[in-house]
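# Descriptive structure summary
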Amino acid sequence: MVSMAVSGTPEKILSARELGLVACTRCAKPWPMGTETCGRCGHNLISRDELSLQRVWAYWTVGLMCYIPANVYPMLLTRTLFQVDESTIIGGAIELAQYGNWGIAFIILFASVAIPLGKFFAVAYLALSVQLGWVTSQRRRHYLYEVVEYIGRWSMIDIFVVAILSSLVQLKTLASINPGTASIFFALSVIFTMLAAQAFDSRMIWDAQAKDEGPNHHD
Amino acid sequence: MDHAATPLADLPLDELIVCPQCDATYRLRRPKHGERATCSRCHTALITPRRNAGLQIIAVALAVLVLILGATVFPFLRIDAAGTSNAVSILDAALAFGGPMILLSLATAALIVFIPLLRVMLTLYVLIPVVLDRPPARHAIPAFRLSEGLRPWSMAEVFAIGCAVALVKVADLADVEFGPAFYMFGALVVLVIAQDRFLCKWSVWQSLEHPKKS
């Protein structure tokens, strides 16, 4: 691994904004401040997205609102010869655990409960930390942001499980599985939290420090 | 070409690179093949060149294309219980949400089949001319931008884990047989991940910006 900074000289890292530049977040090329679209890849250039936090909170709220019915309504409707069984996300996982499938129950609980809840907390924490202008633990917060961005898609596992089960288990009168109302809310919740994480402008994590230390780097 | 003493502010813009994640600005230094240039502040990988990466990605992308088409057409899973049986393809699985949830069906089909398919076709469209040292294809730049923008929405590997979970759930209810599409999809997941690993975005943008004259 090579680090971009010249080794040996402990020079302070300057942001493109401090240098009077605006950088493309898609192809990493800098342009003079005020340029509107990147001349290389055509992406819109915004030095700091002032509305970013508003969008984060809007998507976050919708995601959280969808997450509640996703846990209240049944995720799967299982019909066997003599009974109809409705199970919610957590109910289904508990049932699996009772049958001894601890591993799968754990995966479901992890992907559908721990990850979504963790994401709501993490995104709120990141947005608040930027809003309140925290100076500390930038590296840790940036790492948290990357984890949230990476892990968001994995919550879709449960939706795919429902899709596979309800297409596969259609055995006429014997047994059938159908998707419950919760599945659409759960999918929406995952999509909106992914959008919330994408709307977050991670460059703002590092701005507070620059402001705090003042413009003492060049005249 | 030694600008080591020049302050960043005085360097031409072509010799700077800015971390897209944290806005740190660096003097551009091209790493050797196999090395990775990372942001020293947030450790985002900035440039990750590999020898013959272009050819490798094209080969992998062609394989992915064939596998996606195959995995969609052939039967995926088949279930047997007490004389009744049911076989489904991947598209059947994606389209399982009927009635008012048809939108969810379309979204699922897009996430597991159509977005990965579109991304692999865009990759081939952009990279083949670049690797053959020809001028870039028409609209190659928006095509690559779209491909990068769709990256988080391509969920083939998530679907694969979903399969594993679903199989365990069904296993005690009925016998499950794997169709050819099941193994194709398994291979597909590995290749899609490899394809994203090999790709150095910065190098692609650089070669789209400065195409070699042939």
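As the structure is a prediction and not an experimental result, all values here were calculated from the model. (Residues numbered from 1 in each chain as written. Chains lettered and ligands numbered in written order. Predicted model: local features only at pLDDT ≥ 70, side-chain atom pairs only at ≥ 80, totals over all residues. Heavy atoms only, no water.)

## What to know about the interface of chain A and chain B
Taken residue by residue, the interface counts 71 residues in chain A and 72 residues in chain B. For the pairing of chain A and chain B, the buried interface totals around 6600 Å² over both sides, and the portion due to carbon and sulfur atoms is 70%. Where Asp14 of chain B meets Lys29 of chain A, a salt bridge forms, and the shortest distance between an N and an O atom there is 2.8 Å. Taken together, the elements giving at least two residues each to the side of chain A that touches chain B come down to β1 (2-3), β2 (21-23), β3 (30-32), α3 (102-131), α4 (138-151), α5 (157-168), β6 (170-171) and α6 (182-199) of chain A. Take the side of chain A that touches chain B: its biggest share by element is eleven residues, from α5 of chain A. A per-class count over the side of chain A that touches chain B returns 45 nonpolar, 15 polar and eleven charged. (Contact = heavy atoms within 4.5 Å. Buried area = accessible area lost by both parts, 1.4 Å probe. Salt bridge = Lys/Arg side-chain N within 4 Å of Asp/Glu carboxyl O. Helix = DSSP H or I, 4+ residues; strand = E, 2+ residues; numbered from the N terminus. Nonpolar A, V, L, I, M, F, W, Y, C, P; charged D, E, K, R; others polar.)

## Observations concerning α5 of chain A
Residues and elements named next belong to chain A. The first and last C-alpha atoms of α5 sit 16 Å apart over twelve residues, in line with the 16 Å expected at 1.5 Å per residue. With twelve of twelve residues buried, α5 is to be regarded as a mostly interior element. All of the buried residues in α5 are Ile157, Asp158, Ile159, Phe160, Val161, Val162, Ala163, Ile164, Leu165, Ser166, Ser167 and Leu168. (Expected span 1.5 Å × (residues − 1). Buried < 20%, exposed > 50% of the residue type's maximum accessible area, 1.4 Å probe, protein only.)

## Brief notes about the UniProt feature "transmembrane region" (unreviewed entry) in chain B
UniProt feature "transmembrane region" (unreviewed entry): in the numbering of this structure it lies at residues 57-77 and 97-128 of chain B. Counting secondary structure, residues 57-77 of chain B comes out at 81% helix and 5% strand; the distance between its end C-alpha atoms is 30 Å. (UniProt positions renumbered as here; feature names shortened; annotations may be inferred.)

## Let's talk about the packing of helix α1 (residues 53-73) of chain B against helix α6 (residues 180-198) of chain B
All names here are of chain B. In contact at an axis separation of 9 Å, α1 and α6 are set at 155° when each is read in the N-to-C sense. Classified by the angle between their axes, α1 and α6 sit roughly antiparallel to one another. As for the relative orientation of α1 and α6, their crossing is left-handed in sense. Taking contact as the criterion, the partners of Ala53, Gln56, Ile57, Val60, Ala61, Ala63, Val64, Leu67, Ile68, Gly70 and Ala71 in α1 are, on α6, Ala181, Met184, Phe185, Ala187, Leu188, Leu191, Val192, Gln195 and Phe198. The residue makeup of the contact of α1 with α6, split by class, is 17 nonpolar, three polar and no charged. (Axes fitted to C-alpha atoms, helices over the stretch in contact; angles between N-to-C directions. Parallel < 35°, antiparallel > 145°, perpendicular 65-115°, else oblique. Left-handed = near helix turned anticlockwise from the far one by under 90°.)

## Structural notes on the sheet that holds strand β7 (residues 175-179) of chain A
Hydrogen bonds along the backbone pair up the strands of a sheet, which may run parallel or antiparallel. Residues and elements named next belong to chain A. Read from one edge to the other, the open sheet built from four strands follows the order β5-β4-β7-β6, with strand pairing classed as antiparallel. Both outer strands of the open sheet, β5 (84-87) and β6, are each paired with one neighbouring strand and no more. In this sheet, β7 lies alongside β6 in antiparallel orientation, the contact comprising two bridges. Each bridged residue has a counterpart across the sheet, and for Gln170 the counterpart in β7 is Ser176. (Pairing = 2+ DSSP bridges.)

## Points about the UniProt feature "transmembrane region" (unreviewed entry) in chain A
All names here are of chain A. Within this numbering scheme, the UniProt entry marks residues 56-76, 104-130, 151-171 and 177-197 as carrying the feature "transmembrane region" (unreviewed entry). Between the C-alpha atoms that bound residues 104-130 there is a distance of 37 Å. The span itself is 100% helix and 0% strand. Between the end C-alpha atoms of residues 177-197 the distance is 33 Å, and the span holds 76% helix and 14% strand.

## Observations concerning the domain arrangement of chain A
All names here are of chain A. Taken domain by domain, chain A holds domain 1 (1-47) and domain 2 (50-213). Measuring from the centre of the C-alpha atoms in domain 1 to the corresponding centre in domain 2 gives 33 Å. Each partner contributes to the interface: domain 1 provides seven residues, whereas domain 2 provides four residues. Taking both sides of the interface into account, the surface hidden between domain 1 and domain 2 amounts to around 420 Å²; carbon and sulfur atoms contribute 38%. Viewed at the interface, domain 2 and domain 1 are joined by zero salt bridges. (Domains from an automatic or database assignment.)

## Here's the deal with the confidence of the model for chain B
Chain-level statistics for chain B give a pLDDT mean of 85 and a share of 96% at 70 or above. By mean pLDDT, helix α5 (residues 156-171) of chain B is the weakest element of chain B at 83, and helix α3 (residues 102-131) of chain B is the strongest at 91. (pLDDT = per-residue confidence, 0-100.)

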